[in-house]
Amino acid sequence: VPRAHKPLIIRGGRVVDPLSRRDGRADVLLKKGRIAAVAPRLWSSLGVRARNNHRVIDATGCWVTPGLIDMHVHLREPGQSENETIGTGTRAAAHGGITTVLTMANTYPAIDTPDLVREIRKRGRRDGLVNVLVAGAVTRGLRGERLNDLKRLAQAGATAFSDDGRPVMNAELMRRALIAARETGRPVLDHAEDDNLTADGVLNAGPAAKRHRVPGIPWHSEAVMTMRDIALAEAVGAPLHLCHVSCAAAVDMVRQAKARGIAITAEAAPHHFTLIDTDIPHATGCRHCVVADYKMKPPLRARRDREAVIAGLADGTLDAIATDHAPHSPAKKTRALSEAPFGMIGLETALPLTLALVEKGRLTRQQMVERMSAAPARILNLKEKGSLARGADADVTVIDPEARWGLSGHSSSKSRNTPLLGRRLRGWARTTIVGGRPVFNREDA
Ligand SMILES: [Zn+2]
C-alpha cells in the first residue's frame, strides 16, 4: 500500500466541530478521503501492528477543526498571473489553514462562459493545493448589461454566481439574475455598492480621505445597494448572499431582513473587523508597507462600523468570515494612492485575525470555527464539507492557537499587498489536510 493511502490519525488535539457539537479532546481517523471516526483514545486503543499501518499527526495543544472554507478569493486566473495563480493562491490558502476556496470571476477574460468555468475547475484540480470552487459571472464580461445563462454555468460546475469587484447596477437585471439563480439552487454573491455614489472614491469618507486629499467612499454607497438587493431577494424569494459587509447600516439591514424571515446570508472580511480608517498611516508609507495597501473595497470604515461588524458576527447576522483575498503586484500598489487598485491579500492572516476576536471574548471558539467552515459550506451547499461528521470529506485544519509570528516580506502568495506586514500575530495552521492528504505542515515549511 503506498504510504499516501494509509489511514491517518490526528491524535491528542482538541476537536472543535460545531455541527457535531463537539468541543473536547479526541482523535480523528481519516480513511480513503473521508472522516472515518472521531473519538477519544482511538490511537491508544490500537495495537502495535495497527499503529504501523497508520500515519499519525500529533495535535497535542492544538485545535482540530473542519477544514476552513474561504468563499471569497481572487486567484486571478485566467489572465493576471503577475498577481497570483491557482498554484500560488492555493499554497497561501494551505498555509492559512484553508482547505477550500471559491475563486471570483473578475478575471481577464471574465469567467462568464461554461467553457471557462470548466477550464478553471480543471486547472484547480491540476494546480490547486486545496479545493478550488468557481463563481461564474452574473453578466457578460461583468459589464452589467447582459445576463449570462446561469443554468448553463451551473451545469458546467459554477458553485455560485457573482460579478464581484463590480456591482450589478441595473436592478431589473439583478432581479432576473436572482430568479435564474433560484432555479439552480445556487446563490448570487453580491458586491453591494452603488457606482454613482462611490464615483472616484478611494478611502472611507472620513478623516483619512481628508488627510490624504482623496475623494471619500460614503457608507451609504454600500447601504443603498444592500437595501435594494434585500428588497429584490424578498420579492423573488431568492438566495442572496451579501459579500464583505462593512458598515453599521448594512449590518442592521441584514439583521432586520433576517428577523422578517428573508432568506439571505452575509459575510464579513477579517480586515473590516480588525482595522479602521484611522489606522491608515498619515505619510505615504510606513516602515513595512505602502498606504495603498490599506485601500480596498469596501474601504476600512469607522470605529462604530467595525463594532457593528463584530456584533453581527457574534449574533449570527453575518454568517461567514471570508477574506476577499485580492492580490496585486507591487508595481500596481506603489502607484499614487488614487491610482492604485483596490484590495489586500488575506489567506494567511484570516486565522490569526479571527482568533484575536476569540482572545478578546467577542466570539466563542465554536462560533469562530462555525463562521469559517460550517457556515460557508451551508451557504454554498457543500454537503460533504464544513464538519467532522463520519463520512464527511477528510478536509481538516490543525490550529495552534498560541503560536506567535509575524507576516514577513516573503509568503506563499505571489503578492505582498497587506498592511499587516511586520504586525505581530497569534495563532496559525500547523497542518492542513485536504481529502485525507496533508498539503501543508508547519514543521516542513
Ligand atoms: Zn467585492
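Source: prediction; values computed, not measured. Residue positions are given per chain, counting from 1 as you read along its sequence in written order. Restriction of local features to residues with pLDDT of at least 70 applies here, the model being predicted, together with a cutoff of 80 or more for giving and counting side-chain atom pairs; totals for whole chains, interfaces and linings are based on all residues. Only hydrogens and water are set aside when side-chain values are computed; all heavy atoms of the structure are taken into account.

S.K.: Whenever I open this one, the overall build of the protein confuses me. Can you help?
M.R.: Secondary structure counts use DSSP, requiring at least four H or I residues in a row for a helix and at least two E residues in a row for a strand, with both numbered from the N terminus. Of regular secondary structure, the protein possesses 14 helices and 18 strands. Along the first, second and third principal axes, the C-alpha set of the protein runs to 70 × 50 × 40 Å. Counting all 445 residues of the protein, 61% fall into the buried class. Residue contacts are counted whenever heavy atoms from the two residues lie within 4.5 Å of one another. A fraction of 74% describes how many contacts in the protein between residues 6 or more apart in sequence connect residues 24 or more apart. A 1.4 Å probe and the Shrake-Rupley method give the accessible areas. Residues count as covered only by the protein chains that appear here. When the accessible surface of the protein is totalled, it reaches about 17,600 Å², and 49% of it is carbon and sulfur. Positive charges are assigned to Lys and Arg, negative charges to Asp and Glu, while His and the chain termini are left out of the count. Charge positions are represented by NZ for Lys, CZ for Arg, CG for Asp and CD for Glu. Charge centroids of the protein, computed over 66 positive and 47 negative side chains, lie 6 Å from each other. Here the term buried applies to any residue with accessible area under 20% of the maximum for its type, exposed to any over 50%, and partly exposed to those in between, with areas from a 1.4 Å probe on protein chains only.

S.K.: So what exactly am I meant to see when it comes to empty space enclosed by the protein here?
M.R.: Summary: where empty space remains is shown by rolling a probe the size of a single water molecule over the atoms. Lining residues are defined by having an atom within 4 Å of a point belonging to a cavity or pocket. Those points lie on a 1 Å grid over the protein atoms alone, cavities being sets where a 1.4 Å probe fits but cannot get out and pockets being open sets with protein on both sides within 12 Å along at least five of seven lines. Grid points are joined across faces, edges and corners, and a volume is the space filled by probe spheres set on the points. Inspection of the entire model under this criterion finds 5 cavities of 30 Å³ or more. Looking at the largest cavity, its volume works out to about 110 Å³. What lines the largest cavity is a set of 15 residues, among which Ala192, Glu193, Glu222, His244 and Pro298 lie closest to the centre. Ranked by residues supplied to the lining of the largest cavity, first place goes to helix α8 (residues 219–236) with 3 residues. A breakdown of the residues in the lining of the largest cavity according to their chemical character gives 7 nonpolar, 4 polar and 4 charged. Lys, Arg, Asp and Glu make up the charged group, whereas Ala, Val, Leu, Ile, Met, Phe, Trp, Tyr, Cys and Pro make up the nonpolar group; the residues left over, Gly among them, are polar.

S.K.: What is the right way to read the nonpolar core from this model?
M.R.: Generally speaking, soluble globular proteins have nonpolar side chains that are buried together. For our purposes a nonpolar core is just a set of buried Ala, Val, Leu, Ile, Met, Phe, Trp, Tyr and Cys residues, chained together by side-chain atoms within 4.5 Å. Of all hydrophobic cores here, the largest spans 101 residues; its most connected members are Val101, Leu242 and Ile264. Apart from the residues lying within four places of it in its own chain, the contact partners of Leu242 are Asp190, Ala192, Thr226, Ile230, Val254, Ile264, Thr265, Ala266 and Glu267. Residues Leu8, Ile57, Cys62 and Leu388 belong to the second largest nonpolar core, which totals 18 residues.

S.K.: I'm lost on helix α5 (residues 171–184) in this one. Help?
M.R.: Given 3.6 residues per turn, any residue in an α-helix points the same way as the ones three and four places further on. For α5, with 14 residues, the first-to-last C-alpha span of 20 Å sits near the 20 Å given by 1.5 Å per residue. Buried within α5 we find Leu173, Met174, Ala177, Leu178, Ala181 and Thr184. Within α5, the buried residues cover an arc of 140 degrees as seen down the axis, which keeps them to one side. The elements touched by buried residues of α5 are α4 (150–155), β9 (160–161), β10 (188–190), α8 and β13 (240–242). We define a polar contact as two N or O atoms separated by no more than 3.5 Å, with the added condition that, inside protein, one atom must be a possible hydrogen donor and the other a possible acceptor, whereas residues neighbouring each other in sequence contribute only through side-chain atom pairs. Here α5 starts with a cap whose side-chain oxygen sits 2.9 Å from the backbone nitrogen of Glu172, and that cap is Asn170. Within two residues after α5, Gly185 carries a phi angle of roughly 75 degrees, on the positive side. The span one expects for a helix is its residue count, reduced by one, times 1.5 Å. Note: the arc covers the axis-to-C-beta directions of the helix.

S.K.: What's the story with the environment of Ile9 in this structure? I'm lost.
M.R.: With respect to the helices, strands and loops of the structure, Ile9 is situated in strand β1 (residues 8–17). Once the C-alpha coordinates of Ile9 and Leu42 are considered, the two residues, 33 residues apart in sequence, prove to be 8.2 Å apart. Discounting chain neighbours no more than four positions away, the residues touching Ile9 are Asp27, Val28, Leu29, Trp43, Leu46, His54, Arg55, Val56 and Ile57.

S.K.: I would appreciate a short explanation of the packing of aromatic side chains in the present structure.
M.R.: The geometry of two aromatic rings is summed up by the distance between their centres and the angle between their planes. Paired rings are identified among Phe, Tyr and Trp, the last through its six-membered ring, by centres lying within 6.5 Å, and are further divided according to the angle between planes into stacked (under 30 degrees), edge-to-face (over 60) and tilted (the rest). Within the structure shown, the criterion is met by 1 aromatic pair. Here, a charge over a ring means that NZ of Lys or CZ of Arg falls within 6 Å of the ring centre while also lying within 35 degrees of the ring normal. Between the NZ or CZ atom of Lys295 and the centre of the ring of Phe342, over which it lies, the distance is 4.5 Å. The cationic tip of Arg442 hangs over the ring face of Trp428; the distance from NZ or CZ to the ring centre is 3.9 Å.

S.K.: Would you mind going over the layout of surface pockets with me for this structure?
M.R.: Computed from the structure, the largest pocket encloses a volume of approximately 660 Å³. Considering the residues around the largest pocket, the lining is formed by 29 residues, among which Arg76, Asn106, Tyr108, Gly165 and His328 are closest to the centre. In terms of residue class, the lining of the largest pocket is made up of 8 nonpolar, 11 polar and 10 charged. Space inside the second largest pocket adds up to approximately 410 Å³. As for the second largest pocket, its lining consists of 21 residues, and the residues nearest its centre are Pro352, Leu355, Ala356, Leu357 and Glu359. Top element by residues in the lining of the second largest pocket is helix α13 (residues 350–359). It accounts for 7 residues. Split by residue class, the lining of the second largest pocket holds 11 nonpolar, 1 polar and 9 charged.

S.K.: For this particular structure, what's the right way to read the pattern of salt bridges?
M.R.: Salt bridges are counted wherever a side-chain nitrogen of Lys or Arg sits within 4 Å of a carboxyl oxygen of Asp or Glu. For the structure on display, the rule yields 28 salt bridges. With a closest N to O distance of 3.1 Å, Arg118 and Asp115 form a salt bridge. With Arg118 and Asp115 both in helix α3 (residues 114–127) and 3 residues apart, the pair spans about one turn of that helix. On the accessibility criterion, Arg118 (42% relative accessible area) is partly exposed. Residue Asp115 is classed as exposed on the basis of its relative accessible area, which comes to 55%.

S.K.: Could you clarify how one ought to interpret the packing of α13 against helix α14 (residues 365–379) in this entry?
M.R.: When two helices pack together, their arrangement is given by the angle between the helix axes and by the axis-to-axis distance. For helices, the fitted axis covers only the stretch in contact; all axes are lines through C-alpha atoms, and the angles between them, taken along N-to-C directions, range from 0 to 180 degrees. At their nearest, the axes of α13 and α14 sit 9 Å apart, and the two run at 150 degrees to each other. The pairing of α13 with α14 is recorded here as roughly antiparallel in orientation. Seen along the crossing, α13 lies across α14 with a hand that is right-handed. Only Arg365, Met368 and Met372 of α14 make contact with α13, whose side of the interface consists of Ala350, Leu351, Thr354, Leu355 and Val358. For the contact of α13 with α14, a count of residues per class yields 6 nonpolar, 1 polar and 1 charged. These descriptions rest on fixed angle ranges, namely under 35 degrees for roughly parallel, over 145 for roughly antiparallel, 65 to 115 for roughly perpendicular, and the rest for oblique. Crossing handedness is read from the near helix: turned anticlockwise from the far helix by less than a right angle, it gives a left-handed crossing, and turned clockwise, a right-handed one.

S.K.: Honestly, the packing of α5 against α8 in this entry has me stumped. Any pointers?
M.R.: Two elements in contact, α5 and α8, have axes whose closest approach is 10 Å; the angle formed by their N-to-C orientations is 45 degrees. Relative to α8, the element α5 is oriented oblique. For the crossing formed where α5 meets α8, the hand is right-handed. Counting all contacts with α5, which are made through Ala171, Met174, Arg175, Leu178, Ile179 and Arg182, the residues of α8 involved are Arg228, Asp229, Leu232, Ala233 and Val236. Partitioning the contact of α5 with α8 into residue classes produces 7 nonpolar, no polar and 4 charged.

S.K.: Please clarify how the pairing of strand β8 (residues 131–136) should be interpreted in this entry.
M.R.: On any regular strand, side chains alternate: one points to one face of the sheet, the next to the other face. Where burial is concerned, most of β8 is hidden: 5 out of the 6 residues are buried. The criterion for strand pairing is that DSSP finds at least two bridges linking the strands in question. Where strand β7 (residues 98–103) and β8 come together, 4 bridges link them in parallel fashion. The partner of Thr103 across the bridge, within β8, is Val134. Where β8 lies against β9, 2 bridges are found, and the strand directions are parallel. When the sheet's bridge partners are listed, Gly136 is paired in β9 with Phe161.

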